[in-house]
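Structural overview for review
Residues per chain, in single letters:
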Amino acid sequence: MTTLITNIKELLQVGSISKEMVCGKEMKILPTIKNAFLLIEDDLIKDFGSMKSISKFEVDNYVDAKDRIVLPTWCDSHTHIVYAGNREREFVDRINGLTYEEIANNGGGILNSAKTLQNTSEEDLYLQSAKRIEEIMKLGTGAVEIKSGYGLTKDAELKMLRIIKKLNENYPITIKATFLAAHALPSEFKKNKKAYIDYVINEILPIVANENLAEFIDVFCETGYFSVQDTERLLKAGKKYGLIPKIHVNQFTAIGGVQVGVNYNALSVDHLEIMRDEDIKELKNTKTMPVALPSCSYFLSIPYTPARKIIDAGLPLALATDYNPGSTPSGNMNFVISTASIKMKMTPEEAINAATINGAYAMGLEKTHGSICIGKKANFIITKEIPSFGFIPYSFGNHQIDKVFIEGKEI
Ligand code: NIG
Ligand code: FE
């Protein structure tokens, strides 16, 4: 099946060769073709170019994109979409003055979500999660990473990972799975963190690896959660099974998590709200992608990741949602790029690069996703009639999406 999209006002993030990622000054450049066409065959991009040079194609479907912009779908490289229930009561507690930390210390937070998830059937959890997948596809996301980490027992962690696998099988969106049992310390291990890490490494990890339930391993490396030493132990164990690190670091405190990530060749280090100069230096000349989660900063009223410092140091940066019930109950990448522009001073070009090709890299998907290239997945957004691509982050709180195509099919 072939589809030809004609008269595209501007085709964004387009290239004859696929880049791995974009870094530093290069992030200010967004390659585009004005007055363009895009040809897709089945689930792949077959051709693109200027309308002036279009050949005669016999196709099954035509779409006229007059006055509309076309860009690759968003690549959301950090989410916790598989969760049960919500935490709006904690939201009200925070409005009334409690901090995220105080709520967690009182048995709320991640442990609260874990209790709910443990008591939710696999069918129900699947349905709750599938709703969120459908929601984010409509908002223009074509590839997403999902973490475990609200199970915290062998059964519940495996239940989460099996659901992630099922979602990947049942929906056209590409889904990558991450094993995050080291997300919080369950209360029964309160006095014995080592025993919980032993349990994760010896009892859960081998099953996750044998059943191919995750490609990545994550740890919440943070004061009061898992230390640098704990993180090293977990990443080392994961590596034995071929799991690649993608870790939560520097959300509230900088304790050396970035350094551990780099030492263990993490594909990404995520959050980075609190960055010391040495953390930025550490990331130079590495293959590790820094990932910022501005919706989390917005929701928790914590500092934003210093994007300018990171990009101006020549580094790449990716943007993701962190969709989860506690710190970011939103999977809207359109809001993420607006917030990155408004609060982190990223230009529209930088924000779009960060949310497409760099997000794809942070999931190991840069060869198939994140840009308009021949042979890549036919994943793209057709916008409403808008004056320029800068209008996408400018019109915050709205989205400018008319149609979303994933693997060549309109959603
Ligand atoms: O990425 N920081 C750790 N984990 C999640 C939030 C977890 C929660 O509050 O439920 C995050 O923000
Ligand atoms: Fe997270």
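Residues numbered from 1 in each chain as written. Chains lettered and ligands numbered in written order. Predicted model: local features only at pLDDT ≥ 70, side-chain atom pairs only at ≥ 80, totals over all residues. Heavy atoms only, no water.

On to a nonpolar patch on the surface. Taken together, F91, V92 and I95 make up a surface patch of nonpolar side chains, about 270 Å² in accessible area. Considering the arrangement of structural elements, one finds I95 in helix α1 (residues 88–95). (Patch = residues over 30% accessible without salt bridge, like charges linked within 9 Å, V, L, I, M, F, W, Y side chains within 5 Å. Areas by Shrake-Rupley, 256 points an atom, 1.4 Å probe, with all protein chains shown as cover. Salt bridge = Lys/Arg side-chain N within 4 Å of Asp/Glu carboxyl O. Helix = DSSP H or I, 4+ residues; strand = E, 2+ residues; numbered from the N terminus.)

Any two side chains of opposite charge can pair, given that their charged atoms come close. Counted according to the given criterion, the structure contains 23 salt bridges. Across the pair K287 and E20 runs a salt bridge, and its minimum N-O distance is 3.1 Å. Here the residue K287 occupies a position in the loop between α9 (277–283) and β12 (289–292), and E20 occupies one in the loop between β1 (2–12) and β2 (32–41), the gap between them amounting to 267 residues. On the basis of relative accessibility, which here comes to 51%, the residue K287 falls in the exposed class. With relative accessibility at 38%, the residue E20 sits in the partly exposed group. For the salt bridge of K377 with D43, the shortest nitrogen-to-oxygen distance reads 3.0 Å. With K377 in the loop between α14 (357–361) and β14 (380–385) and D43 in the loop between β2 and β3 (44–50), this pair connects stretches of sequence that are 334 residues apart. (Buried < 20%, exposed > 50% of the residue type's maximum accessible area, 1.4 Å probe, protein only.)

Distances from the iron ion (ligand 2) to its protein donors, H78 (NE2), H80 (NE2), H248 (NE2) and D322 (OD), fall at 2.1 to 2.2 Å. Summarised as a motif, the one-chain spacing of the donors to the iron ion (ligand 2) is H-x1-H-x167-H-x73-D. With H80 in the loop between β6 (74–76) and α1 and D322 in the loop between β13 (318–319) and α12 (333–344), this residue pair connects regions lying 242 residues apart in the sequence. In this structure H80 comes out as buried when scored by relative accessible area, which is 1%. Residue classification places D322 among the buried positions, given a relative accessible area of 1%. (Donors = N, O, S within 2.8 Å, 3.2 Å for Na, K, Ca; no water.)

Our focus in this paragraph is the pairing of β12. Neither face of β12 is left uncovered, since the one carrying M289 and V291 and the one carrying P290 and A292 both have all their residues buried. Assessed by its sense of winding, the connection that carries the chain from strand β11 (residues 268–271) through α9 to β12 is right-handed. In this structure, β12 lies alongside β13, joined through 2 bridges in parallel fashion. The residue of β13 that forms the bridge with A292 is L319. (Right-handed = clockwise from strand over helix to strand, strands pointing away. Pairing = 2+ DSSP bridges.)

Taking 1.5 Å per residue as the helical rise, helix α6 (residues 193–210) with its 18 residues ought to reach 26 Å, and the 25 Å between its terminal C-alpha atoms agrees with that figure. Its axis deflected by about 40° at I204, α6 carries its strongest bend there, up to four residues before the proline P206. Turning to α6, its buried residues are Y196, I197, D198, V200, I201, I204, L205, P206, V208 and A209. For α6, the secondary structure elements touched by its buried residues are α5 (154–170), β8 (174–182) and α7 (228–240). In the stretch just after α6, N212 is the one whose phi turns positive, near 55°. (Expected span 1.5 Å × (residues − 1). Bend = angle between axes of the 7 residues up to and from the residue. Contact = heavy atoms within 4.5 Å.)

This paragraph deals with the sheet that holds β6. Strand order in the open sheet formed by 8 strands is β6-β7-β8-β9-β10-β11-β12-β13, with parallel pairing between adjacent strands. Of all strands in the sheet, those with a lone pairing partner are β6 and β13, marking the two edges. Together, β7 (141–147) and β8 form the strand contacts of helix α4 (residues 122–138), whose direction differs from that of β7 by roughly 145°. (Axes fitted to C-alpha atoms, helices over the stretch in contact; angles between N-to-C directions.)

Here the focus is the state of the cysteines. In total, this model carries 0 disulfides according to the counting rule given. No disulfide involves C23; its sulfur sits 16 Å from that of C75, the nearest cysteine. C23 gets classed as partly exposed once you look at its relative accessible area, which sits at 26%. Free of any disulfide, C296 has its nearest neighbouring cysteine sulfur in C221, separated by 16 Å. (Disulfide = S-S within 2.5 Å.)

Another point: the site of ligand 1. Taken together, 15 residues lie near ligand 1, and Y100, Y150, H183, Q251 and S327 sit nearest. Residue Y150 places a side-chain N or O atom 2.6 Å away from an oxygen atom belonging to ligand 1. In the complex, the protein chains occlude 100% of the 330 Å² of accessible area that ligand 1 would expose alone. When its residues are assigned to classes, the shell around ligand 1 shows 4 nonpolar, 9 polar and 2 charged. (Near = heavy atom within 4 Å. Polar contact = N/O pair within 3.5 Å; in protein donor to acceptor, adjacent residues only side chain to side chain. Nonpolar A, V, L, I, M, F, W, Y, C, P; charged D, E, K, R; others polar.)

What follows deals with the domain arrangement of the protein chain. Domain assignment breaks the protein chain into domain 1 (2–72 + 371–410) and domain 2 (75–361). Between the C-alpha centres of domain 1 and domain 2 there is a distance of 29 Å. Facing 29 residues of domain 1, the contacting portion of domain 2 comprises 34 residues. Roughly 2600 Å² of surface becomes buried between domain 1 and domain 2 when both sides are summed, with 67% attributable to carbon and sulfur atoms. Here domain 1 and domain 2 share 10 residue pairs in polar contact (both at pLDDT 80 or more) between them. Of all elements in the fold, only α15 (391–394) and β15 (401–406) reach the threshold of two or more residues within the side of domain 1 that touches domain 2. For the side of domain 1 that touches domain 2, the element with the most residues is β15, which contributes 3 residues. For the side of domain 1 that touches domain 2, a count of residues per class yields 16 nonpolar, 7 polar and 6 charged. (Domains from an automatic or database assignment. Buried area = accessible area lost by both parts, 1.4 Å probe.)

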